[in-house]
Amino acid sequence: MQHRAPDAVWALLHVDIYATDQRRSTRTRVEESPEFWRSQAQRTLQAALDRTPNTNVAKNIVLFLGDAPTLEKYMYYSLSFSTHLTPAIWVFANQSQPTPQPTVSKPQSYGMGITTYTAARILKGQLQNQSGEETVTNMDTFPYVGLAKTYSVDFQIPDSAATATAYLCGVKTNLNTIGVSAAARNGVCRSQKGNEVTSILRWAKDAGKAVGIVTTTRVQHATPATSYAHSASRKWYSDADLPASARTNNCTDIASQLLSNTDIDVIIGGGRKYMTPRGTRDPEYPRDYSSRGRRKDGRHLIQEWQSLKAGKVAHYVWNKTDFDAVDPETTDYLMALFEPGDMHFDLERDPLMDPSIAETTEKAIRILSRNPNGFFLLVEGGRIDQAHHAGRGSMALHEAVALDRAVGKALELTNEEETLTVVTADHSHPLVINGYPFRGNSILGKSPLWASDMMPFTTLMYGNGPGNKLEGGKRPDIRKVDTKTSGYVQLAAVPLKSATHGGEDVVILARGPMAYLLQGVHEQSYIAHAMAYAACVGTDRRHCAARLAVAARNQAGP
């Protein structure tokens, strides 16, 4: 009998295949013709043949990151014995572990891997009443595609701090550190001194361009923070998060560096509580103690920012009404902090209080475009990863779809002849698409192929995470469960409180000036250098020199 279960499962599948013939007939029959696919391929081929590399100097750069916020289920320990630092050790947060008073930090994570990219494409189509698989997203229109290796100097599978330092600063580093080289050690203040590395945002500002950050997380979070801060720990959001050793050695928190390191024109995201004195009531959640100010030094960084911008048209806003009232045509600076911490998931966002990532991207581009020298903009779809850590596939994919809408808005507002647009991710997650679902089957649904235990499973599953829940030694029966809800936790093979990251390469999508430089397989640290070369920012100005030489020869004539 134990050998007949798989046969029975496949028999059910075959029955379903015949039963779906009528459903298949409701779609166009054109795909049954070989000519459909041949013609489609010929059009794609001709487009590739007609494509000529854009060798212009990039006036603007827009970098989109599929990311996410805090992973609270693990603690990251860096243990120091004398002058030797041991490798990082991961332990479950709910386990009791004896420790020699280590520096403790809870890593934050991101992650729009290729599986998420594919599944989001299908979901976007299905939200538009299409079967989904054939949908062309805004990201899909990018002509140049590459892959990035995401490992950090000390770990095979990275965190978002190390990866952000790679693709923003052009240098690979260690886990949990931002804006410093691998000579710095996690949580050790003294090790960051002299090992700071600057980002492409700083290079662009030094070149006279406007610069901005847009995120759906807190603006002190690893990705946006790496664009302006240097810290031995990504968790030093405010001075209240600094350990005694860091204060003794004069390390500064990330929030204060937001004001002191680089003059950023547009700052949009969450993170109000790291900017205000301890106990300061939040304007949106005045009764919520967890939303109140965190700073021990008494500094009110929002007010300081406003003072620094005296004489300029500078706006600080914390709600959508005030945000919508900001006129980008007359605004020099904008700081918009919509939440005490990270912003809400797009599905849970109150559209009357918080704008979408497409709306914030549009506002940022319109303000930054006023600079005649161009701009650099970092846009982080930061909550994709948090949903993945929680095993919530639906929520993660809806966040990715929201990011794709922001990409589309950026393409509408910029000129491809002068704007280099890049989409990538910092790392992946252990998400898989499996089970032979029929064409058009909900990407959030169940596979028609049942397992050998004669129970269904979802098309999306995780290699590990909170979705491994056994009931009496068996996995749960989900036949009557609606797996399409935003709160549904996908099945997982290995039980963990929170899903880990994945270690495979991530995609790089590029269009605009010098976009072809991002084709191929690269170290993640290469991305910053390719973007900088295209825009002639940073130390490598050969592209500008070559263009000037050609222009001079043309002007001189024969």
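Structure: above.
Here the structure is a predicted model, which is why all the values come from computation and not from measurement.

K.L.:
Talk me through the packing of aromatic side chains; I want residue IDs and the actual numbers.
P.N.:
Going through the model one piece at a time under the given rule, you end up with 3 aromatic pairs. Seen in terms of ring centroids, Phe 36 and Trp 37 are 4.6 Å apart; in terms of plane orientation they differ by 85°. Their pairing is edge-to-face. In this structure Phe 36 comes out as partly exposed when scored by relative accessible area, which is 22%. By relative accessible area, Trp 37 is classed as partly exposed at 42%. Ring plane angle 45° and centroid distance 5.0 Å describe the contact between Tyr 237 and Tyr 274, whose orientation is recorded as tilted. Here the residue Tyr 237 occupies a position in the loop between α8 (222-226) and α9 (244-248), and Tyr 274 occupies one in the loop between β9 (266-270) and α11 (301-308), the gap between them amounting to 37 residues. Sitting above the plane of the Phe 345 ring, Arg 383 keeps its charged end 4.0 Å from the centroid.

K.L.:
Run through the packing of helix α4 (residues 114-127) against helix α15 (residues 393-413), naming residues and quoting values.
P.N.:
Their axes nearest at 9 Å, the elements α4 and α15 cross at an angle of 80°. Relative to α15, the element α4 lies roughly perpendicular. Contacts from Thr 116, Ala 119, Ala 120, Leu 123, Lys 124 and Leu 127 of α4 reach α15 at Leu 397, His 398, Ala 400, Val 401 and Asp 404. A breakdown of the residues in the contact of α4 with α15 according to their chemical character gives 7 nonpolar, 2 polar and 2 charged.

K.L.:
Residues and numbers for the pairing of strand β8 (residues 210-218), please.
P.N.:
Judged by how many residues are buried, β8 sits mostly within the fold: 9 of 9 residues are covered. Pairing of β8 with strand β12 (residues 375-381), which is carried by 6 bridges, proceeds in the parallel orientation. Bridge pairing in β12 links Ala 210 to Phe 375. Note that β8 and β9 share 4 bridges and pair parallel. Its bridge partner being in β9, Arg 218 is matched across the sheet by Gly 270.

K.L.:
Describe the sheet that holds strand β7 (residues 144-149), listing the residues and the values that go with them.
P.N.:
Backbone-to-backbone hydrogen bonds join strands into a sheet, with any given pair of strands oriented parallel or antiparallel. The 10 strands are arranged β10-β11-β9-β8-β12-β1-β13-β17-β7-β18 in an open sheet whose pairing can be described as mixed. In this open sheet, the two strands that pair with only one neighbour each are β10 (314-317) and β18 (520-523). The average angle at which neighbouring strand axes cross in this sheet is 15°, direction not considered. Judged from the 4 bridges that link them, strand β13 (residues 419-425) and strand β17 (residues 506-511) form a sheet pairing that is antiparallel. Bridging from a neighbouring strand, Val 422 pairs with Ala 510 of β17. Docked against the sheet, helix α16 (residues 526-535) engages β1 (60-66), β7, β13, β17 and β18, running at close to 175° with respect to β13.

K.L.:
Let's hear about the nonpolar core: which residues, and what values?
P.N.:
Judged by nonpolar contacts, the single largest core of 111 residues is most densely connected at Leu 258 and Phe 376. Per-element accounting of this core gives the leading share, 10 residues, to α15. Not counting residues up to four positions away in its chain, the partners in contact with Leu 258 are Ile 213, Val 219, Tyr 228, Ile 264, Ile 267, Met 275 and Met 335.

K.L.:
Report on the sheet that holds strand β16 (residues 492-495), specifying residues and quantitative values.
P.N.:
Within the open sheet, the 3 strands sit side by side as β14-β15-β16. Their pairing is mixed. The open sheet has two edge strands with one neighbour each: β14 (431-433) and β16. Between one strand axis and the next, the sheet turns through 20° on average, direction left out of account. Bridging between β14 and strand β15 (residues 460-465) involves 3 bridges; their strand directions are antiparallel.

K.L.:
Before we move on, could you go through the state of the cysteines and cite the residues and values that matter?
P.N.:
For the structure shown, the criterion picks out 2 disulfides. Each sulfur in the disulfide pair Cys 189 and Cys 251 lies 1.9 Å from the other. Of note, the bridge from Cys 189 to Cys 251 carries an S-S torsion of about 105° and is right-handed in sense. Within this pair, whereas Cys 189 is found in helix α6 (residues 189-192), its partner Cys 251 is found in the loop between α9 and α10 (254-260), the two being separated by 62 residues in sequence.

About the cut-offs
Residues numbered from 1 in each chain as written. Predicted model: local features only at pLDDT ≥ 70, side-chain atom pairs only at ≥ 80, totals over all residues. Heavy atoms only, no water. Phe/Tyr/Trp six-rings, centres within 6.5 Å; stacked < 30°, edge-to-face > 60°. Buried < 20%, exposed > 50% of the residue type's maximum accessible area, 1.4 Å probe, protein only. Helix = DSSP H or I, 4+ residues; strand = E, 2+ residues; numbered from the N terminus. Lys NZ or Arg CZ within 6 Å of the ring centre and 35° of its normal. Axes fitted to C-alpha atoms, helices over the stretch in contact; angles between N-to-C directions. Parallel < 35°, antiparallel > 145°, perpendicular 65-115°, else oblique. Contact = heavy atoms within 4.5 Å. Nonpolar A, V, L, I, M, F, W, Y, C, P; charged D, E, K, R; others polar. Pairing = 2+ DSSP bridges. Core = buried A, V, L, I, M, F, W, Y, C linked by side-chain atoms within 4.5 Å. Disulfide = S-S within 2.5 Å.

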